[in-house]
Amino acid sequence: MSDIIRRDPRKAWIARNRLHPEHASVLAELGMGDAQPAQWMGPNGVMRKDPHRVGFIGPAGIKRIDRSGVQGAPGQVQARSTAAQDTRTAVLIAEPAFHIVVVPDMAGGRLSAHDRDLLGLARQMADKNASAQGAVVAIVFGELKEDSWGEAGIDRLLHLSDAALEGYSPEYRIAILSAAERELKPRYWLFPDSSLGGGDLGRRLSVRIGERAATQVWQVDLESETPRCTGRGAAGRKDITRDLPRVLLALAECGEPVSDTRHEAQAIQLQQPLPEQLVRIEDLGAVAVDPASVALSEAEFILSGGNGVRDWDGFHQAARVLGATEGASRVAVDDGFMARDRQVGATGTWVTARVYMAVGISGAIQHLQGIQSCDKVIAINMDPGCDMIKRADLAVIGDSGEILSELVKRVDGLKQENRDVA
Amino acid sequence: MLLSTPRSSADKTAIKVAVLLSVGSHPLTGRGRRAEQDARALEMALALPQADAQLIHAGRLNDESEPALRSYLGMGPQQMTLIQQPKQADVLPALEKHLRQLGPKLILCGSRAEAGEGSGLLPYLLAEKLGWPLISGLAAIESVDGSSATVLQALPRGQRRRLRVKLPALLTIDSAAPVARQSAFGPARRGQLAEVDAPVQMDTEQEGWEVQPARKRPKRLKIIKATSARDRFKAAAAKSEGSGGQVLKDITAAEGADAVLKLLMEEGVLRVSS
């Protein structure tokens, strides 16, 4: 045999033509099959990619390259998703130089956005000096549903749950926080300045430990030689800038939430037992509130009626059975079916409900403005093309009276079942 | 001990309620007025049966503050105690001394002042000094007897919580409390401002503070942390509004009701247990 390399132009052509039925077998024959990876390190240290080997053939027989890694070869997907998880670096602070204690509100047993902002601020303050890093300690009370403590930037977690801590128990909580003050000697205490919870506890603690708290803080300047903070005063009309005190009550968006580090969230306990508490405030439990008496702007669940409602008695009945606060569109108010203070929209009330149920409301722009901060919108309407349907998370096209009466039947049935069980 | 002010015989069983009042300021014009929450506190005290409301203000009396203070008197009471304090004074010692002398069963006040620092710390400081329990965010007082009071505390979303507190106690009022009655001009003019001298302690810590008109807070930018160009583009091009939800067409009323009920149950707004 001669040393001359003979090429088979037909095979070379098949190897180039990825749509040819013999493509794979010819590639294997020529030694260009699966052995060669889609990307490799080139001789000059540059990643080389073979564009013919990435991507996949789409349903129309056209090659697709999906760079998000969502689709494509299964092996690639695995690699991408693990890479996405690993971008957060794990931070371990074994011997902190100091402690910063955060007492989040934990509304509904979870870290709220406000809590996360506060933890982000605490993180900034703790990591200011890289050589002497501090630890962020979170003190949380009661039953919890949260599980991403480390991702929120917490190094140490002090969780106390006790029957006496349920409900409103500020005196007991302050006793715990005072014990934490004695044991941890934190450099700073951070509270969310919310009306109940952090705002109340923070003020109590600052008075107990004799520190003049900075309230409604929205900016902390750590760069100046003595750290300073800026907070609102005089009912939000003044900005007060002062030296950073030990107790801070901060507003929402005071800092960026932690996003690219993961912390250990190690559980800690208080060493000393708590002294017996004299209970002077007794919690007698939640009061059943008549939904009709709740202010429209703060109602959680609103049933709102408009021009499409024909059966107003049925509407009121439905609101009563569902336990919803009643609202109305401008037309319903102008026509005298509802009171003026029930009007939702730009000229009426801007509502913040979690669930807003619009019955027979087509969705004028003024009305949609009024409901823009609602979480879930349910629309019941005859007209499938109206603006409210576009806004709604769930839209039911049909006669509102019939649907409401069916709904009332079902809710009544559920209530009856519960009564029978109980 | 008690202040020897003339009272009718019916007042012997009355529960003494001290209401701490401050000079408010209008949110737009900044002009002096009765403070919103303090006026609600006074309203609550006046609405309590067999309560002897004592109005207390610690501050200065001048042309600016007098109309604001008199507007509290326009709500019905005949007299207000004015504890003379200069500007920038720490009113805590003076208030504490006066309240110890007065010996009320209840102290009501708004949760924070509308002028000055407005930190809302004063009620807490006062409760700590007096050693009394404090309840914040009050919506209503249900009943008061000799040794305890039953009150409703305002929670978010219009919810209420019932609490019982041992007397004497300090209560701060939330904006959810009943709206204060109108102030009438005649009673406001006729009412008396009884001035009381008190020790003065200046608040020296405030001297190191910079106070400016409130700046607009910077709006938080949406930070996109995407590793690939495609993710960044998708995030930038994404519409902020949800692109429409589920639309159920051509279905019976029963099916529609089922779908609505399912969503209501998922969101947890339906209370079927009671």
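Given the structure is predicted, the values throughout are model-derived calculations rather than measurements.

Asks: How do you make sense of the overall build of chain A when you look at a structure like this?
Replies: Helix and strand counts for chain A come out as 11 helices and 21 strands. Structurally, chain A occupies a C-alpha span of about 105 × 70 × 50 Å along its principal axes. Buried positions account for 47% of the 422 residues belonging to chain A. Considering only contacts in chain A between residues 6 or more positions apart, those separated by 24 or more positions represent 55%. Measuring between centres, the 49 positive side-chain charges of chain A sit 7 Å from its 57 negative side-chain charges.

Asks: Please clarify how the overall build of chain B should be interpreted in this entry.
Replies: Secondary structure summary: chain B contains seven helices and 13 strands in total. Taken over the C-alpha trace, chain B has a radius of gyration of 25 Å; the compact-globule value for 274 residues is 19 Å, which it surpasses by more than 25%. Its C-alpha atoms put chain B at 80 × 50 × 40 Å along the principal axes. A burial count over chain B gives 43% of its 274 residues as buried.

Asks: Could you clarify how one ought to interpret the state of the cysteines in this entry?
Replies: All told, the structure shown has zero disulfides over all chains when counted by the stated rule. Not engaged in a disulfide, the cysteine A:Cys386 finds its nearest cysteine sulfur in A:Cys374; these two sulfurs lie 16 Å apart.

Asks: Is there a simple way to explain the nonpolar core in this structure?
Replies: Where a protein is soluble and globular, its nonpolar side chains tend to be buried together. Ranked by size, the top nonpolar core spans 46 residues in total, and within it A:Val103, A:Ile139, A:Phe141, A:Leu177, A:Trp189 and A:Phe191 carry the most contacts. Of all the elements, helix α5 (residues 170-184) of chain A adds the most residues to this core, at seven residues. Apart from residues no more than four positions distant in its own chain, A:Ile139 is found in contact with A:Val101, A:Val102, A:Val103, A:Pro104, A:Leu158, A:Leu160, A:Leu177, A:Ala180 and A:Trp189. Of all hydrophobic cores here, the second largest spans 38 residues; its members include B:Leu21, B:Ala39, B:Leu82 and B:Leu193.

Asks: Is there a simple way to explain the packing of aromatic side chains in this structure?
Replies: Aromatic ring pairs: the centre-centre distance and the angle between the two ring planes describe each pair. Residue and element names in this part refer to chain A. With the rule as written, the count across this model stands at three aromatic pairs over all chains. Seen from their ring centres, Trp 189 and Phe 191 are 6.1 Å apart, and the 10 degrees between their planes marks the pair as stacked. In this structure, Trp 189 and Phe 191 share a single accessibility class: buried. When the centroid spacing of 5.1 Å and the interplanar angle of 15 degrees are considered together, the rings of Trp 312 and Phe 337 count as stacked. Placement of the pair is Trp 312 in helix α7 (residues 312-322) and Phe 337 in the loop between α8 (330-334) and β19 (355-359), with a sequence separation of 25 residues. The class for Trp 312 is buried, based on a relative accessible area of 9%. Ring-pair connections join several aromatic residues into one group, and the members of that group are Trp 312, Phe 315 and Phe 337. Its guanidinium or amino end placed over the ring of Phe 98, Arg 187 lies 3.8 Å from that ring's centre, counting from NZ or CZ.

Asks: Whenever I open this one, helix α4 (residues 113-126) of chain A confuses me. Can you help?
Replies: Helical periodicity: at 3.6 residues per turn, an α-helix aligns residues three or four positions apart in one direction. All names here are of chain A. Under the 1.5 Å per step criterion, the end-to-end length of α4 is 20 Å for 14 residues, consistent within 8% with the ideal 20 Å. Among the 14 residues of α4, 11 are classified as buried, and the element is accordingly described as predominantly covered. On the buried face of α4, the contacting elements are β6 (99-102), β7 (135-141), β9 (188-192), β10 (214-221), β13 (247-250) and β14 (261-263).

Asks: Would you take a moment to explain the side chain of A:Arg156 for this structure?
Replies: Residue and element names in this part refer to chain A. Topologically, Arg 156 is positioned in strand β8 (residues 156-160). A relative accessible area of 8% means that Arg 156 is categorised as buried. Sequence-distant contacts of Arg 156, defined by excluding residues within four places in its chain, comprise Ile 93, Ala 94, Pro 96, Val 136, Val 137, Ala 138, Glu 264, Ala 265, Gln 266 and Ile 268.

Asks: It is not clear to me how the environment of A:Arg187 should be interpreted in this structure. Could you clarify?
Replies: With respect to the element layout, A:Arg187 can be found in the loop between α5 and β9. Not counting residues up to four positions away in its chain, the partners in contact with A:Arg187 are A:Phe98, A:His99 and A:Arg246.

Asks: Would you take a moment to explain the side chain of A:Ser304 for this structure?
Replies: Residue and element names in this part refer to chain A. Relative to the helices and strands, Ser 304 resides in strand β17 (residues 301-305). Engagement of the side chain of Ser 304 in a polar contact is seen with the backbone nitrogen of Ala 328, the distance being 3.3 Å. Each residue touching Ser 304, except ones within four places of it in the same chain, is listed here: Phe 315, Gly 327, Ala 328, Ser 329, Val 344, Tyr 356, Met 357, Ala 358, Val 359, Ile 361 and His 367.

Asks: Explain the interface of chain A and chain B here, please?
Replies: Often, the extent of an interface is quoted as the loss of accessible area upon association of its parts. Between chain A and chain B, the residue contacts involve 85 residues of the former and 84 residues of the latter. Summing the contributions of chain A and of chain B, the shared interface buries around 7,400 Å²; its carbon and sulfur component is 54%. Considering only the surface of chain A that becomes buried against chain B, A:Arg212, A:Arg237 and A:Arg280 emerge as the three largest contributors, covering 10% of it. Applying the counting criterion to the chain A and chain B interface returns 14 salt bridges. In this structure, B:Arg215 and A:Asp239 form a salt bridge, with 4.0 Å as the shortest nitrogen-oxygen distance. At the surface where chain A touches chain B, the tally comes to 33 residue pairs in polar contact (both at pLDDT 80 or more). Sort the elements by how many residues they give to the side of chain A that touches chain B and helix α11 (residues 400-421) of chain A lands first, with nine residues. Grouping the constituent residues of the side of chain A that touches chain B by class yields 37 nonpolar, 15 polar and 33 charged. Bridge count between strand β21 (residues 394-397) of chain A and strand β13 (residues 246-248) of chain B: three bridges; the pairing is parallel.

Asks: Any chance you could explain the confidence of the model for chain B here in plain terms?
Replies: Low pLDDT means the predicted atomic positions in that stretch should not be read closely. The share of residues in chain B with pLDDT of 70 or more is 92%, and the mean pLDDT across the chain is 85. Per-residue pLDDT stays below 50 along residues 1-10 of chain B; that stretch engages in 10 contacts with residues further than four places along the chain or on separate chains.

Asks: Please clarify how the packing of helix α1 (residues 9-16) of chain A against helix α2 (residues 23-30) of chain A should be interpreted in this entry.
Replies: Two quantities define a packed helix pair, namely the angle between the helix axes and the distance between the axes. Residues and elements named next belong to chain A. Running from N to C, α1 and α2 point in directions that differ by 120 degrees, and their axes come no closer than 8 Å. Considering the relative orientation of α1 and α2, their crossing is left-handed. Residues Lys 11, Ile 14 and Ala 15 of α1 touch α2, and the partners they reach there are His 23, Val 26, Leu 27, Glu 29 and Leu 30. Class assignment of the residues belonging to the contact of α1 with α2 gives a composition of five nonpolar, one polar and two charged.

Asks: I would appreciate a short explanation of the sheet that holds strand β8 (residues 148-154) of chain B in the present structure.
Replies: Strand pairing in a sheet relies on backbone hydrogen bonds, with the paired strands running either antiparallel or parallel. A sheet is described by the order of its strands in space; here 10 strands give the open sequence β16(A)-β9(B)-β8(B)-β7(B)-β10(B)-β6(B)-β1(B)-β4(B)-β5(B)-β11(B), paired in mixed fashion. One side of each edge strand has no neighbouring strand; the edge strands of this open sheet are β16 (281-287) of chain A together with β11 (192-196) of chain B. Between one strand axis and the next, the sheet turns through 35 degrees on average, direction left out of account. Pairing geometry for strand β1 (residues 15-21) of chain B and strand β4 (residues 51-59) of chain B, over seven bridges, is parallel. Looking at the pairing, B:Leu20 lines up with B:Ile56 of β4(B).

Conventions we followed
Residues numbered from 1 in each chain as written. Chains lettered and ligands numbered in written order. Predicted model: local features only at pLDDT ≥ 70, side-chain atom pairs only at ≥ 80, totals over all residues. Heavy atoms only, no water. Helix = DSSP H or I, 4+ residues; strand = E, 2+ residues; numbered from the N terminus. Buried < 20%, exposed > 50% of the residue type's maximum accessible area, 1.4 Å probe, protein only. Contact = heavy atoms within 4.5 Å. Lys, Arg positive; Asp, Glu negative; His and termini not counted. Charge placed at Lys NZ, Arg CZ, Asp CG, Glu CD. Rg over C-alpha atoms; globule rule 2.2 N^0.38 Å. Disulfide = S-S within 2.5 Å. Core = buried A, V, L, I, M, F, W, Y, C linked by side-chain atoms within 4.5 Å. Phe/Tyr/Trp six-rings, centres within 6.5 Å; stacked < 30°, edge-to-face > 60°. Lys NZ or Arg CZ within 6 Å of the ring centre and 35° of its normal. Expected span 1.5 Å × (residues − 1). Polar contact = N/O pair within 3.5 Å; in protein donor to acceptor, adjacent residues only side chain to side chain. Buried area = accessible area lost by both parts, 1.4 Å probe. Salt bridge = Lys/Arg side-chain N within 4 Å of Asp/Glu carboxyl O. Nonpolar A, V, L, I, M, F, W, Y, C, P; charged D, E, K, R; others polar. Pairing = 2+ DSSP bridges. pLDDT = per-residue confidence, 0-100. Axes fitted to C-alpha atoms, helices over the stretch in contact; angles between N-to-C directions. Left-handed = near helix turned anticlockwise from the far one by under 90°.

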